[in-house]
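So you can see what is in the structure, the chains are spelled out below.
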Amino acid sequence: CADPNSEIVIALTGDLGQTVNSSATIDHIATGMQQSTSPLQMLWLVGDLSYADAAYGRTCTHSSGCNPGRWDSWGNMVQKVTQQIPIMVGPGNHEQEDSPTPKIGAPYVAFTSRMKGPDGANAPYWWSMEVGPVHMITMNSYMDYSVGSDQYNWLVADLKTVDRLVTPWLVVGLHAPWYNSNTHHYNETQEWGMRLAMEPLLAQAKVDVLFCGHVHAYERSHPVYNYKPTQGAMIEINIGDGGNREVLEADPADWRQPQPDWSAFRQNKFGHGRFHVYNTTHAHWSWHTIDTPEAVESDTLWFVRNEDLHGVQAYPTHNVKSE
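The text that follows walks through the structure, step by step, so that each part is easy to find.

Reading the values: rules and limits
Residues numbered from 1 in each chain as written. Predicted model: local features only at pLDDT ≥ 70, side-chain atom pairs only at ≥ 80, totals over all residues. Heavy atoms only, no water. Pairing = 2+ DSSP bridges. Helix = DSSP H or I, 4+ residues; strand = E, 2+ residues; numbered from the N terminus. Axes fitted to C-alpha atoms, helices over the stretch in contact; angles between N-to-C directions. Parallel < 35°, antiparallel > 145°, perpendicular 65-115°, else oblique. Left-handed = near helix turned anticlockwise from the far one by under 90°. Contact = heavy atoms within 4.5 Å. Buried < 20%, exposed > 50% of the residue type's maximum accessible area, 1.4 Å probe, protein only. Arc of directions from axis to C-beta. Phe/Tyr/Trp six-rings, centres within 6.5 Å; stacked < 30°, edge-to-face > 60°. Lys NZ or Arg CZ within 6 Å of the ring centre and 35° of its normal. Salt bridge = Lys/Arg side-chain N within 4 Å of Asp/Glu carboxyl O. Polar contact = N/O pair within 3.5 Å; in protein donor to acceptor, adjacent residues only side chain to side chain.

**Description of the sheet that holds strand β16 (residues 312-316)**
- A sheet is described by the order of its strands in space; here seven strands give the open sequence β3-β2-β1-β13-β14-β15-β16, paired in mixed fashion. Unpaired on one side and paired on the other, β3 (87-89) and β16 mark the two borders of the sheet. On average, each strand axis in the sheet is tilted by 20 degrees relative to the strand beside it, whichever way the strands run.
- Where strand β14 (residues 282-289) meets strand β15 (residues 299-305), six bridges bridge the pair, whose relative direction is antiparallel. Counterpart to W285 in the pairing with β15 is L301.

**Considerations on the packing of helix α1 (residues 20-33) against helix α2 (residues 68-82)**
- At a closest axis distance of 9 Å, the pairing of α1 and α2 adopts a crossing angle of 15 degrees. Taken as axis vectors, α1 and α2 run roughly parallel relative to one another. Taken as a pair, α1 and α2 cross one another with a handedness that is left-handed. In contact with S22, S23, I26, D27, I29, A30 and M33 of α1, α2 contributes M77, V78, K80 and V81.

**Comments concerning the pairing of strand β13 (residues 271-277)**
- Across the seven residues that make up β13, a large majority, seven, are buried.
- As defined by bridge partners, strand β1 (residues 8-13) adjoins β13 across five bridges and the pair is classed as antiparallel. From the neighbouring strand, V9 faces β13, where its bridge partner is H276.
- Both β13 and β14 contribute to a ladder of seven bridges, which runs antiparallel. Residue pairing in the sheet places R274 in a bridge with S286 of β14.
- Taking the residues that link successive antiparallel strands as the turn, the β13-β14 hairpin has four residues.

**Considering helix α4 (residues 150-160)**
- For α4, the full list of buried residues reads Q151, Y152, W154, L155, D158 and L159. Take α4 and look down its axis: the buried residues cluster within an arc of 160 degrees, on one side only. α4 presents D150 and K160 as exposed residues on the side facing more than 90 degrees away from its buried surface.
- Residues of α4 that are buried sit in contact with β4 (127-131), β5 (134-138), β6 (169-173) and α5 (189-204).

**Things to note about the sheet that holds strand β8 (residues 218-221)**
- Here we have seven strands laid out as an open sheet, ordered β4-β5-β6-β7-β11-β8-β12, and mixed in their pairing. The open sheet is flanked by β4 and β12 (263-267), the only strands paired with a single partner. On average, each strand axis in the sheet is tilted by 15 degrees relative to the strand beside it, whichever way the strands run.
- Direction of pairing for β8 relative to β12: antiparallel, over a ladder of four bridges. Within β12, the position partnered with S221 by the bridge is S263.
- Its contacts with the sheet put α4 on β4, β5 and β6, and the angle it makes with β5 is roughly 180 degrees.

**What about the packing of aromatic side chains?**
- Tallied over the full model, the rule gives 15 aromatic pairs.
- With a centroid separation of 6.3 Å and 45 degrees between ring planes, the pair formed by W44 and W127 is classed as tilted. Highlighted residues: W44 in strand β2 (residues 42-45) and W127 in strand β4, separated in sequence by 83 residues. No difference in accessibility class separates W44 from W127, as the two residues are buried.
- Summarising the aromatic geometry, the rings of F275 and F303 are spaced 6.0 Å apart at their centres and angled 80 degrees between planes, so their arrangement reads as edge-to-face. Placement of F275 in strand β13 and of F303 in strand β15 is noted, with a sequence separation of 28 residues between them. Neither residue differs from the other here; F275 and F303 are each classed as buried.
- The lysine or arginine in question, R256, covers the ring of Y186, its NZ or CZ lying 3.8 Å from the ring centre.

**A few points about the pattern of salt bridges**
- Counted under the stated rule, the structure contains six salt bridges.
- We note a salt bridge from E199 to R195, for which the minimum N-O separation is 2.7 Å. Pair noted here: E199 and R195 are both in helix α5, with a separation of four residues, about one helical turn.
- A salt bridge links R305 to D208; the shortest N-O distance between them is 2.4 Å. Highlighted residues: R305 in strand β15 and D208 in the loop between α5 and β7 (209-212), separated in sequence by 97 residues.
- Among the residues examined, D208 registers a relative accessible area of 2% and is labelled buried.
- The network of salt bridges with shared partners includes R164, D208 and R305.

**Looking at the environment of W255**
- Position of W255 among the secondary structure elements: in the loop between β11 (235-239) and β12.
- On the basis of relative accessibility, which here comes to 5%, the residue W255 falls in the buried class.
- Placed 73 residues apart in sequence, W255 and N182 show a C-alpha to C-alpha distance of 4.5 Å.
- At a separation of 2.5 Å, a polar atom in the side chain of W255 contacts the side chain of N268.

In structure tokens:
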């Protein structure tokens, strides 16, 4: 429930899958849950969970277009986390469960049978909830997001309910990134189409940060609007580096050159992030790779909100642009 005076620490990642790297990410999150100071209290996944669909030539054994056993093994892998802290999820392209062709059954059947969202007719496709001082929104990159669509109209209505005196922090999660300087998944329809439709809404509402996945690498933007660094605008953080079985986009050639002005930091490693909201005015983001101890912060950023709660300044503490 909402409480502007409380503290919350949320773990985030996307494209988790179920590999050795995925397990390492979960192990790191489990370690973060046991910290004596500021332990992780929630896990938020921004799509592409189990990869139990027909991707990579897997055999689908169910009319929904998925392999249920893959969902079971994924659940076993994440159980060390989910049996202790709540997990919130949004859908990615692999939750559609009907790709590649031929399409076998209706999309999202296995996903919606296993994953629930907050109360609401649209959950878990898209949803919102309030936890401590944060209003969380999850959107769906793969259902109609055009102006006037059900999802668009729901977002308009939900943003009107936000009271920044009660939930001063406003964050959004979705799968396909609006800003991406990696050659993989570059400029896909769901990325630029959703941005054109919804970015003005998020800007008007003064959303603090947008978390995305899909690209299997890490990238953080400067405050950005319409591809231009913009003071006081939303920051996007791409965290599709959870560990899924596709090859990590680790070749330096995978990054488009030159690095765009809006891109602040990018790196090809698996990991997860921590969004630590201390109070109404201060929040801290840190990114943790699986090849370093959990306590090591590979990228960090302070969000400092003005006293009137109507604007936020971002102060990165990691100055390297690209690795």
